Amino acid sequence: MPGAGSGAGPGLGVESGAGDEERVARAALTRVIEPGDECGGRWLREFGARELLARLASPEYEEPALPGATARRLAGYRMRVAAADPDRDLAAVAAVGGRFICPGEQEWPTQLDDLGDGRPIGLWVRGQADLRKWALRSVAVVGARACTPYGAHMAASLGSGLAERGWVVVSGAAFGVDGSAHRGALAAGGATVAVLACGVDVVYPRGHAELIGRIAEQGLVIGELPPGDHPTPSRFILRNRVIAALTRGTVVVEAEYRSGSLVTARSAQKLGRFTMGVPGPATSGLSAGVHELLRGESVLVTDASEVAELVGDIGDLAPDRRGPVLPRDLLDPASARVLEAIPARGAVAGDQVARGAGTTADEVLGRLYELHSLGFVERHGDRWQLTHSAIRSSNARRGGT
């Protein structure tokens with residue numbers, strides 16, 4: 001059954017506890033190896049952080065020492081190693097109230113190990129909460145940057161609804177759906193995590209400076225890139241795999257066919273997480289990508305209770321969905337047949353009602369007086385007709401206006 005992974009598989013090289021030297025080496029490597037680089041992740045698993053950093057820094061090591069690395073690639077790595085200053089980066093993140101966490105440490109979310117060699121080298125974190133504990137009960141809400149008012153409303157509603165149910169809302173702090181989801185969670189006094197494609201001390205987008213500051217105070221701001229690093233298009237795409245792996249499931253609210261949000265959803269599917277979509281108008285290009293997901297293995301959701309039912313524990317059930325109960329729905333079958341035998345317009349005699357209802361005149365007369373006392377019919381001499389309220393109720397039941 002889909003859900004967040006329970007930990008690293010064999011061969012991933014998860015440390016029992018990263019020592020200071022190993023932590024410093026990993027911090028340096030976040031400036032050297034790009035997020036999601038599986039080749040670099042394989043070297044890290046095989047050699048460890050300190051040995052890998054030494055091999056990348058020393059000109060004595062050539063191509064055979066790092067399988068898959070060309071001379072040109074090694075030269076690029078060595079330029080980055082020469083510029084790396086992990087002590088400065090660790091001091092910079094501490095200055096904004098942050099920290100650096102590594103695989104194997106107590107706060108490391110082990111579900112990220114499901115990414116294999118593509119897992120983060122480490123995570124830079126701002127905020128007071130414990131990331132591992134928060135990630136255990138988290139849901140990603142992602143979607144279009146240029147969303148419609150409907151998309152913003154649904155994202156905010158999901159964010160607040162999930163937060164009220166004790167779920168941590170994870171998103172990317174972008175304009176549109178991401179920002180609305182974060183704001184919804186914050187407005188409900190809940191927990192939210194922003195996963196950035198830049199350093200955690202960098203405000204991006206600039207227009208979300210206040211929002212990212214609020215998230216850092218009330219929730220967590222995390223990222224793979226060291227302090228001061230800026231985002232690029234490829235880093236946004238690679239960031240999405242962290243959002244997908246960190247959470248139990250991903251909800252997409254508005255997305256075009258070419259959308260980074262769909263990348264997040266597909267990454268979640270590959271990892272065995274739940275994927276959900278909020279439907280929109282069939283004529284909206286901003287919902288086309290979501291609808292394509294829903295044509296596959298994703299689940300349609302319309303509110304936070306449906307999300308919680310899917311990703312939550314046994315007993316987290318959404319309320320039953322049903323239309324309004326009309327007064328005529330409470331009638332017994334015999335009285336309902338008599339009522340249906342009366343035409344919508346005009347008055348009819350009791351014997352005509354009896355023929356329409358398939359019963360006797362005496363039975364119909366008793367039912368008509370009962371329906372009269374309930375306000376469904378009115379009497380005109382020896383004839384009977386529906387009241388205005390009964391006609392409206394009948395139209396509502398048939399889908400009329």
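1. Digging into the sheet that holds strand β8 (residues 274–278)
Thought 1: With mixed pairing, nine strands are arranged side by side in an open sheet as β1-β2-β6-β5-β4-β3-β7-β8-β9. Both edges of this open sheet fall to β1 (98–101) and β9 (299–300), since each of them pairs with a single strand only.
Thought 2: As defined by bridge partners, strand β3 (residues 138–143) adjoins strand β7 (residues 249–253) across four bridges and the pair is classed as parallel. Each residue of the ladder has a partner; that of Ala 140, found in β7, is Thr 250.

2. Considering the layout of surface pockets
A probe as big as a water molecule, rolled over the atoms, marks out the empty space that is left.
Thought 1: Empty space within the largest pocket amounts to approximately 340 Å³.
Thought 2: Every element with two or more residues in the lining of the largest pocket is listed here: β3, α10 (233–246) and α11 (260–270).
Thought 3: Broken down by element, the residue count for the lining of the largest pocket peaks at five residues, all from α10.
Thought 4: Taken together, the residues that form the lining of the largest pocket break down as nine nonpolar, seven polar and five charged.

3. Here's the deal with the sheet that holds strand β10 (residues 348–349)
Thought 1: Strand order across the open sheet formed by three strands is β10-β12-β11, with antiparallel pairing between neighbours. This sheet does not close on itself; its edge strands, each paired only once, are β10 and β11 (377–380).
Thought 2: The pairing of β10 with strand β12 (residues 383–386) spans two bridges and is antiparallel. Bridge pairing links Val 348 to Trp 384 in β12.
Thought 3: Strand contacts of helix α16 (residues 361–373): β11 and β12, with the helix running at about 115 degrees to β11, the strand carrying the most contacts.

4. A look at the pairing of β8
Thought 1: Among the five residues in β8, five count as buried, and that is most of the element.
Thought 2: In β8, alternate side chains face the same way, and those of Phe 274, Met 276 and Val 278 on one face and Thr 275 and Gly 277 on the other are all buried.
Thought 3: Bridge analysis of β7 against β8 gives five bridges, and the strand direction is parallel. In the strand pairing of β8, Gly 249 is matched with Phe 274.
Thought 4: For the crossover that starts at β7, traverses α11 and ends in the parallel β8, the hand is right-handed.
Thought 5: Pairing between β8 and β9: two bridges, direction parallel. Bridge pairing in β9 places Gly 277 opposite Leu 300.
Thought 6: Remark: the β8/helix α12 (residues 288–294)/β9 crossover connection has right-handed handedness.

5. Topic: the pattern of salt bridges
If charged atoms from side chains of opposite charge come close, those side chains can pair.
Thought 1: As enumerated under the stated definition, the model contains 20 salt bridges in all.
Thought 2: With its nearest N and O atoms 3.1 Å apart, the salt bridge here joins Asp 229 to Arg 31. Placement of Asp 229 in the loop between β6 (220–223) and α10 and of Arg 31 in the loop between α1 (20–29) and α2 (38–47) is noted, with a sequence separation of 198 residues between them. With respect to burial, Asp 229 and Arg 31 carry one shared label: buried.
Thought 3: Residue Glu 34 pairs with Arg 80 through a salt bridge whose shortest N-O separation is 3.2 Å. One end of the pair, Glu 34, is in the loop between α1 and α2; the other, Arg 80, is in helix α4 (residues 71–83), and 46 residues separate them in sequence.
Thought 4: Glu 34 sits in the partly exposed class, given a relative accessible area of 23%.
Thought 5: Several salt bridges share partner residues, and in doing so they unite Arg 31, Glu 34, Arg 80, Arg 88, Asp 89, Asp 229 and Arg 235 into one network.

6. Notes on the packing of aromatic side chains
Describing an aromatic ring pair means giving the distance of the ring centres and the angle of the ring planes.
Thought 1: Using the criterion set out here, one finds four aromatic pairs in the structure.
Thought 2: Measuring from centroid to centroid gives 5.7 Å for Tyr 204 and Phe 236, while their planes differ by 45 degrees, and the two rings are tilted. Here Tyr 204, found in the loop between β5 (192–196) and α9 (209–218), pairs with Phe 236, found in helix α10; they are 32 residues apart in sequence, far enough to count as distant.
Thought 3: Tyr 204 sits in the partly exposed class, given a relative accessible area of 39%.
Thought 4: Using a relative accessible area of 18% as the deciding quantity, one classes Phe 236 as buried.
Thought 5: With centroids separated by 5.3 Å and ring planes inclined at 85 degrees, the aromatic side chains of Tyr 369 and Trp 384 adopt a geometry described as edge-to-face. Taken together, the residues span a long stretch of sequence, with Tyr 369 in helix α16 and Trp 384 in strand β12 at a distance of 15 residues.

What counts and what doesn't
- Residues numbered from 1 in each chain as written.
- Predicted model: local features only at pLDDT ≥ 70, side-chain atom pairs only at ≥ 80, totals over all residues.
- Heavy atoms only, no water.
- Pairing = 2+ DSSP bridges.
- Helix = DSSP H or I, 4+ residues; strand = E, 2+ residues; numbered from the N terminus.
- 1 Å grid on protein atoms, 1.4 Å probe; cavity = no way out; pocket = protein on both sides within 12 Å on 5 of 7 lines; lining within 4 Å.
- Points joined across faces, edges and corners; volume = space filled by probe spheres on them.
- Nonpolar A, V, L, I, M, F, W, Y, C, P; charged D, E, K, R; others polar.
- Contact = heavy atoms within 4.5 Å.
- Axes fitted to C-alpha atoms, helices over the stretch in contact; angles between N-to-C directions.
- Buried < 20%, exposed > 50% of the residue type's maximum accessible area, 1.4 Å probe, protein only.
- Right-handed = clockwise from strand over helix to strand, strands pointing away.
- Salt bridge = Lys/Arg side-chain N within 4 Å of Asp/Glu carboxyl O.
- Phe/Tyr/Trp six-rings, centres within 6.5 Å; stacked < 30°, edge-to-face > 60°.

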